[in-house]
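One-letter residues, chain by chain:
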Amino acid sequence: MSDSTQYKILLAAEESEVSCKAISYAFDLCSRFNTPYSLEIAYVIALNPETNVPFLHNLDKANNLDILMDADKPVSKVMERLKQCKNNYPNVQYDFNKLEGHGVVGKILKDYVDNHKPDLNLLIVGSRDLDGLQKIVLSSTSDYLVKNLRCPVTIVKP
């Protein structure tokens, strides 16, 4: 069976409670498919953008190393949640990837989809359910993805 006949799903995961809900949602959805599917679960590690200023460039490198090392604990939490879901849905198959990129999570995911998943059928993402000033200050990854991706996006709310 070729890849083109599969229903392709990408889940953006992180260690929050709403992301755990999104993981459960994705597993439940995939367990109901009667057709071939592929489920990829991506944990995005957003690194500081590179700068050309010598002193700042070294600081960014050091900060990015810290970010990479600090990602181990949240990735472990996601992996633990995936094990729990796999126990509840033993027939659901998935791939897990850590995506590293410079900038914000939404842009990193969009670039990944554009460059590696042009035929993606669905992106699933959790939402922190920000409103008003919070949404302006903190920005909303889910809003960005809905506005900028060419595939359907399912937003799982808290």
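Details of the structure are given in the entry above.
Since the model is a prediction, treat every value here as computed from it, not as a measurement.

Cut-offs and rules
Counting restarts for each chain: residues are numbered from 1 in the order of the written sequence. Only residues with pLDDT of at least 70 are given local features in this predicted model, and only at 80 or more are side-chain atom pairs given and counted; all residues enter the totals for whole chains, interfaces and linings. Think of the side-chain values as coming from all heavy atoms in the structure, minus any hydrogens and water. Any two cysteine sulfur atoms lying within 2.5 Å of each other are counted as a disulfide. Type-normalised accessible area, obtained with a 1.4 Å probe on protein chains alone, sets the label of each residue: buried when under 20%, exposed when over 50%, and partly exposed for intermediate values. Two strands make a pair as long as DSSP finds a minimum of two bridges between them. Each helix is a run of H or I in the DSSP string that is no shorter than four residues. Each strand is a run of E no shorter than two, and both are numbered from the N terminus. Between N-to-C directions, angles cover 0 to 180 degrees, with each direction set by a line fitted to C-alpha atoms, over the stretch in contact for helices. Residue contacts are counted whenever heavy atoms from the two residues lie within 4.5 Å of one another. The handedness rule is simple: strands pointing away from the viewer, and a clockwise path from the first strand over the helix to the second, make the crossover right-handed.

Participant: Mind laying out the state of the cysteines, listing which residues take part and the relevant values?
Facilitator: In this structure the tally under the stated criterion is zero disulfides. Free of any disulfide, Cys20 has its nearest cysteine sulfur in Cys85, 7.9 Å distant. Residue Cys20 is classed as buried on the basis of its relative accessible area, which comes to 16%.

Participant: Run through the sheet that holds strand 1 (residues 7-13), naming residues and quoting values.
Facilitator: With parallel pairing, five strands are arranged side by side in an open sheet as 3-2-1-4-5. Sheet topology places strand 3 (95-102) and strand 5 (153-156) at the edges, where each strand pairs with a single neighbour. Adjacent strand axes in the sheet meet at a mean angle of 25°, parallel and antiparallel pairs treated alike. With four bridges connecting them, strand 1 and strand 4 (residues 122-126) associate as parallel partners. In the sheet register, Leu11 faces strand 4, and the bridge partner there is Ile124. Sheet strands touched by helix 3 (residues 72-88): strand 1, strand 2 (37-47) and strand 3. Its angle to strand 3, the strand with the most contacts, is close to 155°. Where helix 4 (residues 105-116) meets the sheet, it contacts strand 1, strand 2 and strand 3, and its direction lies at approximately 135° from that of strand 2.

Participant: Residue-level account of the pairing of strand 2, with values.
Facilitator: Where burial is concerned, most of strand 2 is hidden: nine out of the eleven residues are buried. In terms of strand pairing, strand 1 meets strand 2 through seven bridges, oriented parallel. Paired with Ile9 across the two strands is Leu39, which belongs to strand 2. In this region the chain leaves strand 1, passes through helix 1 (residues 17-31) and returns to the parallel neighbour strand 2; the handedness of that crossover is right-handed.

Participant: Explain the environment of Leu39 to me, using residue names and the numbers behind them.
Facilitator: Relative to the helices and strands, Leu39 resides in strand 2. Along the sequence, Leu39 and Leu122 sit 83 residues apart, while their C-alpha atoms lie 9.7 Å from each other. Contacts of Leu39, omitting those with residues within four sequence positions, involve Ile9, Leu11, Ala26, Phe27, Cys30, Val92, Gln93, Tyr94 and Asp95.

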